Amino acid sequence: MSALASAVLDSLQRLLPPKQSSALLPAVVQALIQALEEGELGLDCRGPAPDGISPEDWPAAALSALNGAGWLVDAAEAATAPEAPIVQDGLVLRWRRWQTQLQQCLAAIEERAQRQRACREADHQASMAAAAKAGLDTQQCQAVSAALRQGLVLLTGGPGTGKTSTVVQMLAACLRQRPGLRIQLAAPTGKAAARLASAVNRDNTQLPSSTLHRLLEAQGELRFGRNRRHPLELDLLVVDELSMVDLPLMAALLEALPADAQLLLIGDANQLPPVGTGAVLEELCRPERRPLLGDAAVELRTTYRNNGAIAALAEALRQRPSGPQGELLQELQPSLQPLTPKDNVTWIEAPSRSLPPALLEAVQGQAAALRDSCQALVWREGRPDPDQSAALLAQLEELVVLSPIRQGPWGVEAVHRALLGDLAKSAPLHWPPGTPVLNRLNRPDQGLANGDIGVVVQQGSERRVLMPGQRLLHPAQLNGAEPAFALTVHKSQGSQYKTVQFLLPANRPLDPRLIYTGLTRAQRQAYLFTPLGISSRQNQNAP
């Protein structure tokens, strides 16, 4: 049992002594704590038995033990037993605190979605005509219509389904109806916020864009300057990459949103859930809850961007249930084996005790290109040429290595050791020019968000870090930063790269959402590395 689970169990036994003791109580508490540590709000009773509980005891005997202890209450009767720390919501068990916050958050979203906005028929018809002229399909036009009539719109869809084109028309329709509308763009990461602004701000339109933490004026862990007493000053808020937003952040956002403001939420429900606790988009997309949003929920299903094998493999992954699956790679064989050199997914099997030579060659090429671009920079009055700086920052998006793990032979740290040696563990001041730099902290005073990526540059003997927006920082200002030739899949969310080199280590259950998220970061080409022998094991298992 973990130290946290042990402490929680001790507190429960002291503050609320179980009416009936059971050997299953410690295992259930441990499972609930472990779920939170993994970002899950609760335990699904339909899932496999947690560690420490036999399949015969899950879930019936475990539920009976919680009931006998007086620690469990049904969600519909939660108010009648306020002392019960665990709530059963259908077939899911949650700690009361998280159950309460989740229900409050979902209720607020549903209330906004069901709120009707007045819309003149002439404005509606003009917006529908403009959307049709722009080439939007039926579902995309439904989203435009919802933006004119609903207090909240949830727009979901996979890559290439036209979410960005739809959002552009939705905002145009809202501005046509209300010309003075104050619109704010936001996303969980700086990279995602910049991509949203780049896609939406066309034709001389310059809508403000920022990270959610910066927008809410974050003042430390879960403390924000914007709240119910000091609400956001806007009329319409667009939030992209909703899959990355956890429950506490969404609760803070809803609290700071003016009552009459409109909210547009955009996301791909098949991507990885957030690192923090509570996948809001996943909850909204549950079959029993999505209908409660009515016309405010629009899913785009038609893929318009011909992304070849990337799109085909992503679609195969979309069809699979979420959660770790030990045999996932073997089960993907029918999609991987027919790949040809002309496809935009290349599958490579390699020994898993060291990094694949093909991957090392590719990332070394990227390192050399970045180094050459840095050496070619022309400096004037202490600053690099703006056009060259923009090209250098763009070069960062040419290639990245992704892995689900940090440590191990196929982990992120192994890639950086191969490129930087012992310097990989040192501070950015010691990294060679051309090294990508991952900022890992929100730094509002410097205009930086957790996840922003820059690059080490050098003028004479002085090294600086060039960050997005062409900001130059001294490396000492980026304490805790890491090299970014390679990223974990979670850290890559909200970003796009021309080429993705994707490592899938051995002996690790894989979540379809993890492979889906990593694969769809690639715009042009994806290289999928799996341990040697996957295909032969598949052949051995064939009838």
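Parameters at a glance
Residues numbered from 1 in each chain as written. Predicted model: local features only at pLDDT ≥ 70, side-chain atom pairs only at ≥ 80, totals over all residues. Heavy atoms only, no water. Helix = DSSP H or I, 4+ residues; strand = E, 2+ residues; numbered from the N terminus. Rg over C-alpha atoms; globule rule 2.2 N^0.38 Å. Buried < 20%, exposed > 50% of the residue type's maximum accessible area, 1.4 Å probe, protein only. Contact = heavy atoms within 4.5 Å. Areas by Shrake-Rupley, 256 points an atom, 1.4 Å probe, with all protein chains shown as cover. Lys, Arg positive; Asp, Glu negative; His and termini not counted. Charge placed at Lys NZ, Arg CZ, Asp CG, Glu CD. Pairing = 2+ DSSP bridges. Axes fitted to C-alpha atoms, helices over the stretch in contact; angles between N-to-C directions. Phe/Tyr/Trp six-rings, centres within 6.5 Å; stacked < 30°, edge-to-face > 60°. Lys NZ or Arg CZ within 6 Å of the ring centre and 35° of its normal. Salt bridge = Lys/Arg side-chain N within 4 Å of Asp/Glu carboxyl O. Domains from an automatic or database assignment. Buried area = accessible area lost by both parts, 1.4 Å probe.

Caption draft 1: Representation of the overall build of the protein within the structure. Per the secondary structure count, the protein includes 20 helices and 22 strands. Relative to a compact globule of 543 residues, whose C-alpha radius of gyration would be 24 Å, the protein shows 25 Å and is just as compact. The principal-axis extent of the C-alpha atoms belonging to the protein is close to 75 × 65 × 50 Å. A total of 543 residues make up the protein; the buried ones form 54% of that total. A fraction of 73% describes how many contacts in the protein between residues 6 or more apart in sequence connect residues 24 or more apart. Accessible surface computed for the protein: about 24300 Å², of which carbon and sulfur atoms make up 50%. A gap of 4 Å separates the mean positions of the 51 positive and 52 negative side-chain charges of the protein.

Caption draft 2: Representation of the sheet that holds strand β20 (residues 486–488) within the structure. Strand order in the open sheet formed by five strands is β11-β22-β21-β14-β20, and the pairing between neighbours is parallel. Lying at the two open borders of the sheet, with one neighbouring strand each, are β11 (345–350) and β20. With direction set aside, neighbouring strand axes in the sheet form an average angle of 25°. Sheet topology note: the β11/strand β22 (residues 522–531) ladder contains six bridges and is parallel. Across the sheet, residue Ala350 finds its bridge partner in β22, namely Pro531. Across the sheet, helix α12 (residues 308–318) touches β11 and β22, and the angle it forms with β22 is around 60°. Here helix α17 (residues 412–420) sits on the sheet and contacts β14 (399–403), β20 and β21 (497–503); the angle it forms with β20, its principal contact strand, is near 170°.

Caption draft 3: Main features of the packing of aromatic side chains. According to the stated counting rule, one finds zero aromatic pairs in the structure shown. Geometry around Trp98 places Arg97 over its ring, the cationic atom sitting 4.1 Å from the centre.

Caption draft 4: Representation of the pattern of salt bridges within the structure. Applying the stated criterion across every chain yields a total of 27 salt bridges. The residue Arg94 makes a salt bridge to Glu283 at a minimum N-O spacing of 3.7 Å. Separated by 189 residues along the polypeptide, Arg94 in strand β4 (residues 92–95) and Glu283 in helix α11 (residues 280–284) bring together distant segments of the chain. The class of Arg94 is buried, set by a relative accessible area of 3%. It is possible to trace a salt-bridge network through shared partners that takes in Asp89, Arg94, Glu282, Glu283, Arg286, Asp511 and Arg513.

Caption draft 5: Just the domain arrangement of the protein, in detail. Taken domain by domain, the protein comprises domain 1 (3–90), domain 2 (107–300) and domain 3 (308–531). Once you take the C-alpha centre of each, domain 2 and domain 3 turn out to be 28 Å apart. Listed as interface residues are 21 residues of domain 2 and, on the opposing side, 20 residues of domain 3. Roughly 1900 Å² is buried in total at the junction of domain 2 and domain 3, and carbon and sulfur atoms are behind 49% of that figure.

Caption draft 6: Molecular detail of the sheet that holds strand β16 (residues 453–459). The five strands lie next to each other as β18-β17-β16-β15-β19, forming an open sheet whose pairing is antiparallel. Two strands lie at the open edges of the sheet, namely β18 (471–473) and β19 (482–483), each paired on one side alone. Direction of pairing for β16 relative to strand β17 (residues 462–467): antiparallel, over a ladder of five bridges. Pairing of Gln458 across the sheet is with Arg463, part of β17.

Caption draft 7: A look at the side chain of Glu413. By the element assignment, Glu413 lies in helix α17. Relative accessible area serves as the criterion here: at 16%, Glu413 is assigned to the buried category. Ignoring any residue separated from it by four or fewer positions in sequence, one finds Glu413 in contact with Arg406, Gln407 and Lys425.

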